[in-house]
Amino acid sequence: MGTPPGYRPSAWVHLLHQLPRADFQLRPVPSDFAPREQSYQQALLLVASLAGLGLGLSLIFIAVYLIRFCCCRTPEPPGAKSPPPGGGCATWSCIAALLVGCAGIGIGFYGNSEASDGVSQLSAALLHANHTLSDIDHLVLGLVERLGEAVRTELTSLEEVLTQHTDLVAAARGARRQVEAVVQQLPGLAFWRGVPLSLLQVAEDVSFVEEYRWLAYVLLLLLELLVSLFTLLGLARQSKWLVVLMTTMILLVLVLSWGSMGLEAATAVGLSDFCSSPDTYLLNVTQEETGLSSDILSYYFLCSEAVSNPFQQRLTVSQRALAGAHSNLQGLEREAVPQFPAAQEPLLSLEETLNATEGDFHQLVALLHCRSLHKDYGAALRGLCEDALEGLLFLLLFSLLSASALAAALCSLPRAWALFPPRNPSVSCSGSHLSEPLLRARLEPAPALPPPPRLPEKTPLTSLLGSPLTVPVATAPRAQRIATRSCSPQVLGLGARCNGPSVPGGSCLPPCGHRAVLPRSGGSLPHLSCSTNSGEGLK
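Treat the numbers as computed from the prediction; the structure is a model and nothing was measured.

The rules behind these values
- Residues numbered from 1 in each chain as written.
- Predicted model: local features only at pLDDT ≥ 70, side-chain atom pairs only at ≥ 80, totals over all residues.
- Heavy atoms only, no water.
- Helix = DSSP H or I, 4+ residues; strand = E, 2+ residues; numbered from the N terminus.
- Axes fitted to C-alpha atoms, helices over the stretch in contact; angles between N-to-C directions.
- Parallel < 35°, antiparallel > 145°, perpendicular 65-115°, else oblique.
- Left-handed = near helix turned anticlockwise from the far one by under 90°.
- Nonpolar A, V, L, I, M, F, W, Y, C, P; charged D, E, K, R; others polar.
- Salt bridge = Lys/Arg side-chain N within 4 Å of Asp/Glu carboxyl O.
- Disulfide = S-S within 2.5 Å.
- Phe/Tyr/Trp six-rings, centres within 6.5 Å; stacked < 30°, edge-to-face > 60°.
- Buried < 20%, exposed > 50% of the residue type's maximum accessible area, 1.4 Å probe, protein only.

Turning our eyes to something else, we now look at the environment of Ala 236. Looking at the secondary structure, you find Ala 236 in helix α5 (residues 199-237). For the pair Ala 236 and Ile 95, spaced 141 residues apart in the sequence, the C-alpha separation amounts to 9.9 Å.

Here's what the structure looks like:
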């Protein structure tokens, strides 16, 4: 068997081709590519089912782990504030698993691109081969029509002009026979005409399937990327509802990853069997689909010196006939034109037709050579057996990393979830939320206030004009109502200002929910404000 130019089975092809195969009864199956045989189909299905076995084992392991975590967890003592042991390690292990999954997603994008490039190269090679075969058909059809028109018009006119000279008529009829011989030989060169197999249709079908395959993998990769990012976001925000939702999505993506792994493994094994010896299978299939002879197919698939050109005899006969017709017309031009000037015009037209025919004939000989089609055959094999197979292996690695990372994340998420603190309640009158340390500070009981000093009913003050003024001081009920006011939540922050009433010593009244009990016996508080910023005292 000849080797296509530039193609040699890679090490991955040899390695995958050497793997043992077995059918459903575990009987060994040969590694030869035979997709129509039931035993070989069972062998590939058995390879794909290994991924299903891995999915089942991983789900059982995850279920056992979660049941053990939920049912066998030691209860925490009441009032314990320290996190359970190993909680931080569980969170970081979940994050590490998701990051490994993200790295696998990058590998998956690269493998998907490589596989798409390989299939695109296959489609391009099929289109170029179809173009070559179409050119052969068009050239043969054009040559037959041109030479047939020349026989019907120019040669007939020439014979009518040379009717009076027997020798010249015999020479013209000899040229006619030679041209007709070429016309008889040319249709046999268009070997692809009438073949039911269309390379253009095959290329379109391959491109159509590859487009949806590429899109499906892109959606799978984006889904896993979004699930990983939102899971990391839920861990960072300590959002339980987001983590629960992403846990469900992780389970779905885990099933999809194992399924894609089985499909990729079976495809890679079958493709390695095909790429190890593609000539034999393609020869048999093409002969069944097209009905062409094995000599023609072997010539183009193998393209070696051991296989002769099946069109060589037809080409030689046609070339000799064209050369003989051209020689006869040159002799007629030398002998008939001086005697019959009317023969010059059909002779010149015939010379132009033969010159154009010889140019197209040389182009046809070049197209019929095996180099062009065999080069397309090698390009198709390189795209399918090198780039596409490499992309499949990268996708297989992505699926393996993804399944492992997602399984580890499913085992770590419950432990990380158990560390989430309860949601902070509303601790301010305006509905704002405070952080955990501030919440504990707000919930502590306020210290008891010292009894306020008894002040006189009227306090003399000096006005700007120097005259004494008397300002009534709030009575006890008024002071009690003021004491029930709440300070703004800003009193707990640095540089905050309390706009409520103050007590001696520069401290503000307790916040919401902690009412200070003030004595009612004639005592009252100054109707003034204090500020922690300016440090003002009582005025």
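Take the packing of helix α9 (residues 312-339) against helix α10 (residues 344-368) next. As a packed pair, α9 and α10 sit with axes 10 Å apart at the nearest point and diverge in direction by 160°. Of the possible angle classes, the one that applies to α9 and α10 is roughly antiparallel. The interaxial crossing formed by α9 with α10 has left-handed handedness. Grouping the constituent residues of the contact of α9 with α10 by class yields 13 nonpolar, eight polar and three charged.

For the coordinates displayed, the defined rule picks out eight salt bridges. Here Glu 289 makes a salt bridge to Arg 36, at a shortest N to O gap of 4.0 Å. Of this pair, Glu 289 sits in helix α7 (residues 278-290) while Arg 36 sits in the loop between α1 (11-17) and α2 (38-71), and the two are 253 residues apart along the sequence. Salt bridges sharing common partners tie together Arg 36, Glu 288 and Glu 289.

Taken as a whole and assessed by the stated rule, the structure comprises two disulfides. The partner cysteine of Cys 275 in its disulfide is Cys 385, sulfur to sulfur 1.9 Å. In this structure the cystine formed by Cys 275 and Cys 385 twists about its S-S bond by roughly -85°; its chirality is therefore left-handed. Linking Cys 275 in helix α6 (residues 240-276) with Cys 385 in helix α11 (residues 370-418), this pair joins segments that are 110 residues apart in sequence.

A few words now on the packing of aromatic side chains. All told, the structure shown has eleven aromatic pairs when counted by the stated rule. Ring geometry for Phe 191 and Trp 192: centres 6.3 Å apart, planes at 80°, overall edge-to-face. In this pair, the class of Phe 191 matches that of Trp 192, namely buried. Between Phe 274 and Tyr 281, the ring centres sit 6.1 Å apart and the planes meet at 90°, which makes this aromatic pair edge-to-face. Judged by its relative accessible area of 9%, Phe 274 falls in the buried class. By relative accessible area, Tyr 281 is classed as partly exposed at 22%.

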